[in-house]
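# Descriptive analysis of the structure
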Amino acid sequence: MSDEIKFSIDGVEIKAIPGQTILQAADAAGVYIPRLCAHRQLSPHGSCRVCTVKVNGRPQAACTQPAAPGIIVENNTDEMKAVRTSIVDMLFVEGNHFCMFCEKSGNCELQAMAYRLGIAAPQHEYLFPSRPLDASHPEVFIDRNRCILCGRCVRAAKELDNKNVFQFVGRGIHKHIAVNAEHGLSETDLAGVDRAVSACPVGAILRKRVGYSIPVGERLYDKQPIGSDIEADRSSAGK
Ligand code: SF4
């Protein structure tokens, strides 16, 4: 194809089509770049920075940076792993992520990312925030203490559910996820089956009355590290 773009990730040639980001091209080639705010069905957000790679020697978010001819991308290096470990480490201490008590355990992307990066214990002091819960909705609750501000719920509601349910308010350490209603989630048109609910990578938005329907030990990341599905695409294609 004449307009095909070729570049490299860790020395491996990657082909991309115009308009693809580095992350999208890597996914298509079966090369896993760790990420938390990025989601295949949602527009890029570039907020978590877990997908940071070096592009021609400069740090860039792979989820928003377009693939370009001849660029040299460093992904699976000790330096990038250290950057990601530091980011994930800070996400853990900034919220209250008590995995052993969280219904999302085993299906949580933050927890799975920590395992993949080899994080055994955070290097920074816990902040132990106290943020309000919203359990007013009959099917869904929000625990903001587990929110990593990835924005997936905001985008999934707008782009997939065609609803305006979530938004960010506040700045800096006061930034938090809010709902588009005066008295909480119950006043929105959110439904338990909405993609905005299932898109949350952590246990901040959860459905009620379905907890532990899949036992701990039999969940997605109990069986395989996060990113294995993308890497499996590569090995099954014999790349
Ligand atoms: S509630 Fe979940 S999906 Fe929404 S911003 Fe927080 S972590 Fe992301």
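The rules behind each value
Numbering of residues begins from 1 in every chain and follows the order in which that chain's sequence is written. Only residues with pLDDT of at least 70 get local features here, since the model is predicted, and only at 80 or more are side-chain atom pairs given and counted; chain-wide, interface and lining totals rely on the full set of residues. Bear in mind that the domain bounds are from an automatic or database domain assignment. Put simply, Ala, Val, Leu, Ile, Met, Phe, Trp, Tyr, Cys and Pro go in the nonpolar bin, Asp, Glu, Lys and Arg in the charged bin, and everything else, Gly too, in the polar bin. Using a C-beta atom placed from the backbone for every residue, we mark a residue as near a molecule or strand if that atom lies within 6 Å of it. What makes a nonpolar core is a set of buried Ala, Val, Leu, Ile, Met, Phe, Trp, Tyr and Cys residues, with links drawn between C-beta atoms within 7 Å. Between the buried cut of 20 or more and the exposed cut of 12 or fewer other C-beta atoms within 10 Å of a residue's own C-beta lies the partly exposed class, and all C-beta atoms are placed from the backbone. Once C-beta atoms are placed from the backbone, any two residues with those atoms within 7 Å are in contact. Strands are runs of DSSP state E lasting at least 2 residues, helices are runs of H or I lasting at least 4, and numbering of each runs from the N terminus. For two strands to pair, DSSP has to find at least two bridges joining them.

It is worth spelling out the domain arrangement of the chain at this point. As far as domains go, the chain holds domain 1 (5-76) and domain 2 (86-219). When each unit is reduced to the centre of its C-alpha atoms, the spacing between domain 1 and domain 2 is 25 Å. In the side of domain 1 that touches domain 2, the residues fall into six nonpolar, five polar and one charged.

The next thing to look at is the site of the ligand. Inspection of the region around the ligand gives 13 residues, with C147, C150, C153, C200 and A204 positioned closest. Taken together, the residues of the shell around the ligand sort by class into eleven nonpolar, one polar and one charged.

Another point: the nonpolar core. Counting residues in hydrophobic clusters, the biggest one holds 60 residues, and the most contacted among them are A26, C51, A62, L110, I148, C153 and A196. Among the domains, domain 1 (5-76) and domain 2 (86-219) are the pair contributing at least three residues each to this core. Filtering out sequence-adjacent residues up to four positions away, A26 remains in contact with I9, I14, V31, I33 and A62.

Here L206 shows up in strand β10 (residues 205-207). Here the alpha-carbon distance between L206 and D143, two residues 63 residues apart in the chain, equals 8.3 Å. Excluding residues within four positions of it along the chain, L206 makes contact with E103, K104 and F141.

The next point concerns the sheet that holds strand β6 (residues 133-134). Picture the strands of a sheet paired through backbone hydrogen bonds; they go either parallel or antiparallel. The strand order across the open sheet formed by three strands is β6-β7-β10, and the pairing between neighbours is antiparallel. Looking at strand neighbours, the two that pair on one side only are β6 and β10, the edges of this open sheet. Looking at chain direction, strand β7 (residues 140-143) and β10 are connected through three bridges and run antiparallel. Bridging across to β10, I142 finds its partner in I205.

Burial along strand β9 (residues 176-179) is one-sided: the residues I177 and V179 are buried and none of H176 and A178 is. Relative to β9, strand β8 (residues 166-169) runs antiparallel, the two sharing four bridges. Directly across from F166, in β9, lies its bridge partner V179. The turn joining β8 and β9, which pair antiparallel and follow one another in sequence, is formed by six residues; a positive phi near 85 degrees is taken by G170.

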